[in-house]
Amino acid sequence: MEKKVVLVTGGSGLVGKGIQTVINSDKREDEEWIFLSSKDANLLSEEETFAVFEKYKPTHVIHLAALVGGLFANMSRNSDFFRDNMKMNDNILEASHKNKVKKLVSCLSTCIFPDKTSYPIDETMLHNGPPHPSNAAFSYAKRVIDLQNKKCNEEHGCMFTSVVPCNVFGPHDNFDPLHAHVMGALINRAYEAKKNDTAFEIWGTGAAQRQFIYNLDLAKLFIWVLREYQEVDPIILAPDEADEVSIKDVARMVLDAFDFKGDVKFLTDKSDGQLKKTASNAKLRTYLPQFQFTTTRQAIRDTVQWYVDNQHTARTGRK
């Protein structure tokens, strides 16, 4: 039996750690998993990227590494987000092609879909219009992956594909409120508000609606895509549409997990970002109709507990 060597870029991040956790309980004799961090190679460098491929000789690649951040990080660093992600993605795809990688799975995001669109969004709508201005640079860099996947397949027969998760959170998330996505930022602020007996602040009105996926659920689906999914076209990985919740309701779930009883303030001068991103998981359900997602409330409880227990290692933005 031919052995798979699976190289995971961004292996020390939120999704990478989730995949490590799941793989540790689902090991297969014909698979070797290698999780890279930024300490192993600078993927912005073509030379270092090719060197790490030469070192490990992967047969399969999961590409998670990216310059990422929440709404306000995107708004303040648009050019960086475009340039760095374009460089990194191109290096990974070219190294995968040149090294004859059998399958490459890259990670996109539902935030890259058109801003002006009908809902729910599905995989066919990815390129139907410009993304929301707040994260346009990141979105276009990620959209190019889908284009490259298809052209590599047409010209070279490469099995390069991508997944499109909704808002991911869980243990090992970035909880720095200035750079985190919404869930990590809310958890950090709730922890600080309870510890310091201060008001809990929600940036924006809380009206925006989001679907959330627990990183361990996403990890299981990523592994399934690597092992079983045989389409070049992307696939959305998200809970059902009925599970979409407002940021206001998510904030309340976070406060409940901390048993917070203090004041809550909405900073309505802050942007809400895109108000809606509802994604259809109909394609996923045709493949995995019985897949059970962890409820948002339970996943928040588990993440809050991990955050409290791991203050010394969590990415909080505090020195």
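Throughout what follows, the structure given in this document is the object of discussion. Small disclaimer: the values here were computed from a predicted structure and weren't measured. Every residue gets a number counted from 1 within its own chain, in the order that chain's sequence is written. The predicted nature of this model means local features are confined to residues of pLDDT at least 70 and side-chain atom pairs, given and counted, to a pLDDT of 80 or more, with totals for whole chains, interfaces and linings taken over all residues. Water and hydrogen atoms were dropped before computing side-chain values, which therefore reflect all heavy atoms in the structure.

**What to know about the side chain of Asn91**
- Topologically, Asn91 is positioned in helix α4 (residues 78-98).
- Any pair of N or O atoms that falls within 3.5 Å is considered a polar contact. Within protein, one atom must be able to donate a hydrogen and the other to accept it, and sequence-neighbouring residues count only if both atoms are side-chain atoms. In this structure the side chain of Asn91 is engaged in a polar contact, spanning 2.9 Å, whose partner is the backbone oxygen of Leu43.
- By the convention used here, residues are in contact when the closest approach between their heavy atoms is within 4.5 Å. Here Asn91 is in contact with Leu43, Leu44, Ser45, Glu46, Thr49 and Phe50, once residues within four sequence places are set aside. The secondary structure listing takes helices from DSSP runs of H or I that are at least 4 residues long and strands from runs of E that are at least 2 residues long, numbered from the N terminus.

**What about the pattern of salt bridges?**
- Here, a salt bridge means any Lys or Arg side-chain nitrogen found within 4 Å of an Asp or Glu carboxyl oxygen. A full pass over the atoms with the stated rule returns 16 salt bridges.
- Across the pair Lys283 and Glu231 runs a salt bridge whose closest N-O atoms are separated by 3.0 Å. Note that Lys283 is positioned in helix α9 (residues 282-287) and Glu231 in the loop between α7 (215-228) and β10 (235-237), a separation of 52 residues in sequence.
- Three exposure classes are used, based on accessible area relative to the maximum for each residue type with a 1.4 Å probe and protein chains only: buried under 20%, partly exposed in between, and exposed over 50%. The partly exposed category is assigned to Glu231, whose relative accessible area is 26%.
- Connected through salt bridges with shared partners, the residues Asp26, Glu31 and Arg227 form a single ionic network.

**Concerning unusual backbone geometry**
- The amide bond that connects Tyr119 to the next residue, Pro120, takes the cis arrangement and shows omega of 5 degrees.
- Here Pro120 is to be found in the loop between β4 (103-107) and α5 (136-156).
- Even without being a glycine, Lys100 presents a positive backbone phi close to 55 degrees.
- Within the secondary structure layout, Lys100 lies in the loop between α4 and β4.
- Although it is not a glycine, Asp197 sits at a positive phi angle of roughly 55 degrees.
- Positionally, Asp197 belongs in the loop between α6 (182-196) and β7 (200-203).
- Residue classification places Asp197 among the exposed residues on the basis of a relative accessible area of 72%.

**As for the nonpolar core**
- Remark: nonpolar core denotes a set of buried residues (Ala, Val, Leu, Ile, Met, Phe, Trp, Tyr, Cys) joined through side-chain atoms within 4.5 Å. In this structure, Ile19, Trp33, Ile62, Leu64, Val163, Phe222 and Ile235 are the most contacted members of the largest nonpolar core, which totals 45 residues.
- Counting residues per element, the ones that place at least two in this core are β1 (4-9), α1 (14-24), β4, α5, β5 (160-165), α7 and β10.
- When residues of this core are assigned to their parent elements, the largest contribution, eight residues, is made by α7.
- When near neighbours in sequence (up to four residues on either side) are disregarded, Phe222 contacts Val15, Ile19, Ile62, Leu64, Val105, Cys107 and Val163.
- Grouped together as the second largest cluster of nonpolar side chains are 28 residues, Phe200, Ile202, Ala251 and Tyr307 included.

**Describing a negative patch on the surface**
- Residues qualify for a patch when their relative accessible area is over 30% and they have no salt bridge, like charges being joined within 9 Å and the nonpolar side chains of Val, Leu, Ile, Met, Phe, Trp and Tyr within 5 Å. Surface accessibility in these figures is a Shrake-Rupley result with a 1.4 Å probe; residues are shielded only by whichever protein chains are displayed. Under the convention used here, Asp and Glu are negative, Lys and Arg are positive, and both His and the chain ends fall outside the count. By convention, the charge on Lys lies at NZ, on Arg at CZ, on Asp at CG and on Glu at CD. Negative charge collects at one region of the surface, where Glu46, Glu47, Glu48 and Asp90 lie side by side.
- In terms of residue count, helix α2 (residues 46-56) provides more of the negative patch than any other element does, three residues in total.
- Mapped onto the elements, Glu46 comes out in helix α2.

**As for the packing of α1 against α7**
- A fitted line through C-alpha atoms serves as each axis, taken over the contacting stretch for helices, and the angle formed by two N-to-C directions is quoted from 0 to 180°. At a minimum axis distance of 8 Å, the contact between α1 and α7 shows a crossing angle of 75 degrees. Compared by their axis directions, α1 and α7 come out roughly perpendicular. Contact with α1, carried on its side by Leu14, Val15, Gly18, Ile19, Thr21, Val22 and Ile23, involves Asn215, Leu216, Leu218, Ala219, Lys220, Phe222, Ile223 and Arg227 of α7 and no other residues of that element.
- Residues are grouped as follows: nonpolar covers Ala, Val, Leu, Ile, Met, Phe, Trp, Tyr, Cys and Pro; charged covers Asp, Glu, Lys and Arg; every other residue, Gly included, is treated as polar. Here the contact of α1 with α7 is built from residues that sort into ten nonpolar, three polar and two charged. Roughly parallel means an angle under 35 degrees; roughly antiparallel, over 145; roughly perpendicular, 65 to 115; everything else is oblique.

**Some points on the packing of aromatic side chains**
- Put simply, two rings from Phe, Tyr or Trp (the six-membered ring, in Trp's case) pair if the centres are within 6.5 Å, and we call them stacked under 30 degrees between planes, edge-to-face over 60, tilted for the rest. Inspection of every chain in the model, using the stated rule, returns twelve aromatic pairs.
- Where Tyr191 meets Tyr307, the ring centres are 5.4 Å apart and the plane angle is 85 degrees; that geometry is what we call edge-to-face. On the criterion of sequence distance, the pair formed by Tyr191 in helix α6 and Tyr307 in helix α10 (residues 296-309) is long-range, its members being 116 residues apart. The same class applies to Tyr191 and to Tyr307, which are both buried.
- Counting every residue linked through ring pairs, the aromatic cluster contains Phe175, Tyr191, Phe258, Trp306 and Tyr307.
- By definition, being over a ring means that NZ of Lys or CZ of Arg is both within 6 Å of the ring centre and within 35 degrees of the ring normal. When the ring centre of Trp203 is taken as origin, the NZ or CZ atom of Lys270, which lies over that ring, is 4.6 Å away.

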